[in-house]
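Read off the chains here:
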Amino acid sequence: MPDNHPARRRRTTERKGDVRERAILDTCEALLAQKGYDAMAVGDIAQGAGITRGALYFYFGSKQEVVTALVARTVEHLWERSRVTAETDDPRRAIAAAMQRTVELWNQHGLVMRTAIDLSLAVPEIGELWSHTADLFIAAITAVLERAGVAAGTEPEQASAMARALCWMIERTFYHASQEAREKLQEASSTCEHIWLISAGLTA
């Protein structure tokens, strides 16, 4: 018997609001590349998304809210792609995989991540998103270090403190590399991977 229940039929298709919201965020990401955050206006985002300025305000109250939502989408994607690092048994493979994913994500969404870093102090919501994401990565790096034999703990030579330093070093290294050229991202990855391996005692 066919299922004629309208609610069930609707679940199989994407809602119009979801399509529009995605179009707004996709446009915002494209405009970051074309104009940058400061030059980008709400009207530009609405036009690129194929909606009126008034319709955009139904979803977001300001350009800052659009960018915050874009950062939230990006960091969720970032974590979903990278969380397997904490679950890989072999530390060497985990480190290599993590750095390769980092290169891929900075290639795909580097402008969003640079914007998040630039705005993290000025926009509290973005700062919280970025800080929370860093905490997730610190936990993942800590797990890899401990599996490699680094002692657990928060002292300078212990896993948690080393993981925090590694996380922020990776962020800074990729931030600066992404401002130059995509080729620099692979160099950044090699440098960070080598330092991570040294920290884990895996260079011999």
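Residues numbered from 1 in each chain as written. Predicted model: local features only at pLDDT ≥ 70, side-chain atom pairs only at ≥ 80, totals over all residues. Heavy atoms only, no water.

A. Layout of the overall build of the protein. The secondary structure content of the protein amounts to 9 helices and 0 strands. C-alpha extents for the protein along the principal axes are approximately 60 × 55 × 30 Å. Taking all 204 residues of the protein together, 42% fall into the buried category. Long-range contacts, defined here as pairs at least 24 residues apart, represent 63% of the contacts in the protein between residues at least 6 apart. With the model as given, the accessible surface of the protein reaches about 11200 Å², and the carbon-plus-sulfur share is 52%. (Helix = DSSP H or I, 4+ residues; strand = E, 2+ residues; numbered from the N terminus. Buried < 20%, exposed > 50% of the residue type's maximum accessible area, 1.4 Å probe, protein only. Contact = heavy atoms within 4.5 Å. Areas by Shrake-Rupley, 256 points an atom, 1.4 Å probe, with all protein chains shown as cover.)

B. Spatial organisation of the packing of helix H6 (residues 91-119) against helix H8 (residues 159-178). Relative orientation of the contacting elements H6 and H8 amounts to 80°, with a least axis distance of 9 Å. Relative to H8, H6 is oriented roughly perpendicular. Note on element contacts: H8 touches H6 through Ile170, Glu171, Arg172, Phe174, Tyr175 and Ser178, opposite Met99, Thr102, Val103, Trp106, Arg114, Ile117 and Asp118. For the contact of H6 with H8, the residue count by class is 7 nonpolar, 2 polar and 4 charged. (Axes fitted to C-alpha atoms, helices over the stretch in contact; angles between N-to-C directions. Parallel < 35°, antiparallel > 145°, perpendicular 65-115°, else oblique. Nonpolar A, V, L, I, M, F, W, Y, C, P; charged D, E, K, R; others polar.)

C. Region of the structure containing H8. Across its 20 residues, H8 extends 28 Å between first and last C-alpha, which sits within 8% of the 28 Å expected from 1.5 Å per residue. Those residues of H8 that fall on the buried side of the exposure criterion are Ala159, Met162, Ala163, Leu166, Cys167, Ile170, Glu171, Phe174, Tyr175, Ala177 and Ser178. The secondary structure elements touched by the buried residues of H8 are H6, helix H7 (124-147) and helix H9 (182-200). (Expected span 1.5 Å × (residues − 1).)

D. The confidence of the model for the protein, seen in detail. Model confidence for the protein is summarised by a mean pLDDT of 88, while 90% of its residues fall at 70 or above. Predicted confidence is poor over residues 5-12, with pLDDT under 50, and the contacts of this stretch with residues over four places away or in other chains come to 3 contacts. (pLDDT = per-residue confidence, 0-100.)

E. Summary view of the nonpolar core. Within the largest apolar cluster, 62 residues are counted, with the highest numbers of intra-cluster contacts made by Leu56, Leu145, Phe174 and Trp196. Secondary structure elements with two or more residues in this core: helix H2 (16-34), helix H3 (42-49), helix H4 (53-59), helix H5 (63-82), H6, H7, H8 and H9. The element contributing the most residues to this core is H6, with 12 residues. Ignoring anything within four residues of it in the chain, the contact list for phenylalanine 174 reads Met99, Thr102, Val103, Trp106, Leu185, Ala188, Ser189 and Cys192. (Core = buried A, V, L, I, M, F, W, Y, C linked by side-chain atoms within 4.5 Å.)

F. Looking closely at the pattern of salt bridges. Summed over all chains, the structure comprises 5 salt bridges. The partner of aspartate 26 in a salt bridge is arginine 73, with the nearest N and O atoms 2.9 Å apart. Here aspartate 26, found in helix H2, pairs with arginine 73, found in helix H5; they are 47 residues apart in sequence, far enough to count as distant. Note on aspartate 26: relative accessible area 37%, which makes it partly exposed. The closest approach of N and O atoms between arginine 73 and glutamate 29, which form a salt bridge, is 3.7 Å. (Salt bridge = Lys/Arg side-chain N within 4 Å of Asp/Glu carboxyl O.)

G. Here's a closer look at the side chain of threonine 115. For threonine 115, the position within the fold is in helix H6. Look at threonine 115 and you get buried, because its relative accessible area is 10%. With sequence-adjacent residues up to four places away left out, threonine 115 is seen in contact with Leu32, Tyr37 and Val67.

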